Amino acid sequence: MGIVFGFLLASLTPWLWELMGHPYSDITLLVVYAVNYFVATYVTDRTLRYGTLRKGIATFFSFEFISWVAFFEAIVRLHA
């Protein structure tokens, strides 16, 4: 699920840069980055009925960050 949220962040990054400018867009992206974990655990808890709030936090954020950077680089290189 972290990979999906990383792809969403990569898609949002250029759009937010144009809309808000760098200091505010970066803060917004970091807040969204942190909040995504709680959204993912809420969805997982509701669909799988499994307590995952504290389990997998390092794995989720690692996958999210790596996929965010990878997809963002792909987007930038394809549009350049």
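Located above this text is the structure these notes cover.
Residues numbered from 1 in each chain as written. Predicted model: local features only at pLDDT ≥ 70, side-chain atom pairs only at ≥ 80, totals over all residues. Heavy atoms only, no water.

Peer 1: Kindly report on the overall build of the chain, identifying the contributing residues and their values.
Peer 2: Of regular secondary structure, the chain possesses 3 helices and 0 strands. For the chain, the sequential pattern of α-helices and β-strands runs α-α-α. The burial tally for the chain puts 26% of its 80 residues in the buried class. Contacts in the chain between residues at least 24 apart in sequence constitute 63% of all its contacts with a sequence separation of at least 6. (Helix = DSSP H or I, 4+ residues; strand = E, 2+ residues; numbered from the N terminus. Buried < 20%, exposed > 50% of the residue type's maximum accessible area, 1.4 Å probe, protein only. Contact = heavy atoms within 4.5 Å.)

Peer 1: Summarise the packing of helix H1 (residues 2-20) against helix H2 (residues 22-48); cite the residues concerned and give the values.
Peer 2: When two helices pack together, their arrangement is captured by the angle between the axes and the distance separating the axes. Close contact between H1 and H2 brings their axes to 9 Å; oriented N to C, the two are set at 155°. By the angle between their directions, the pair H1 and H2 is classed as roughly antiparallel. As H1 runs across H2, the sense of the crossing is right-handed. Contact residues: Phe5, Leu9, Leu12, Thr13, Leu16, Trp17 and Met20 in H1; His22, Tyr24, Ser25, Asp26, Thr28, Leu29, Val32, Tyr33, Asn36, Val39 and Ala40 in H2. (Axes fitted to C-alpha atoms, helices over the stretch in contact; angles between N-to-C directions. Parallel < 35°, antiparallel > 145°, perpendicular 65-115°, else oblique. Left-handed = near helix turned anticlockwise from the far one by under 90°.)

Peer 1: Explain the packing of aromatic side chains to me, using residue names and the numbers behind them.
Peer 2: The final tally for this structure, using the stated rule, is 11 aromatic pairs. A centroid spacing of 6.4 Å and a plane angle of 70° characterise the contact between Tyr33 and Phe65, whose relative ring orientation is edge-to-face. Here Tyr33 is found in helix H2, whereas its partner Phe65 is found in helix H3 (residues 57-79), with 32 residues between them in sequence. Look at Tyr33 and Trp68: their rings are 5.7 Å apart centre to centre, the planes differ by 35°, and that puts the pair in the tilted class. You can see Tyr33 sitting in helix H2 and its partner Trp68 sitting in helix H3, a full 35 residues away along the chain. Under the relative-accessibility criterion, Trp68 is labelled buried at 12%. What links up through ring pairs into an aromatic cluster is the set Phe5, Tyr33, Tyr37, Phe38, Phe60, Phe61, Phe65 and Trp68. (Phe/Tyr/Trp six-rings, centres within 6.5 Å; stacked < 30°, edge-to-face > 60°.)

Peer 1: Would you mind going over H3 in detail, with residue names and values included?
Peer 2: For H3, spanning 23 residues, the distance from its first C-alpha to its last is 33 Å, which sits close to the expected 33 Å at 1.5 Å a residue. Buried residues of H3: Phe60, Glu64, Ser67, Trp68 and Phe72, and no others. Looking at the buried positions of H3, the neighbouring elements they touch are H1 and H2. (Expected span 1.5 Å × (residues − 1).)

Peer 1: An account of the nonpolar core is needed here, citing residue identities and associated values.
Peer 2: Membership of the largest hydrophobic core is limited to 7 residues, which are Leu9, Ala10, Leu16, Leu29, Tyr33, Trp68 and Phe72. Put simply, the parts of the chain that give this core at least two residues each are H1, H2 and H3. With residues up to four places along the chain from it excluded, the contact list for Phe72 reads Ala10, Thr13, Pro14 and Trp17. (Core = buried A, V, L, I, M, F, W, Y, C linked by side-chain atoms within 4.5 Å.)

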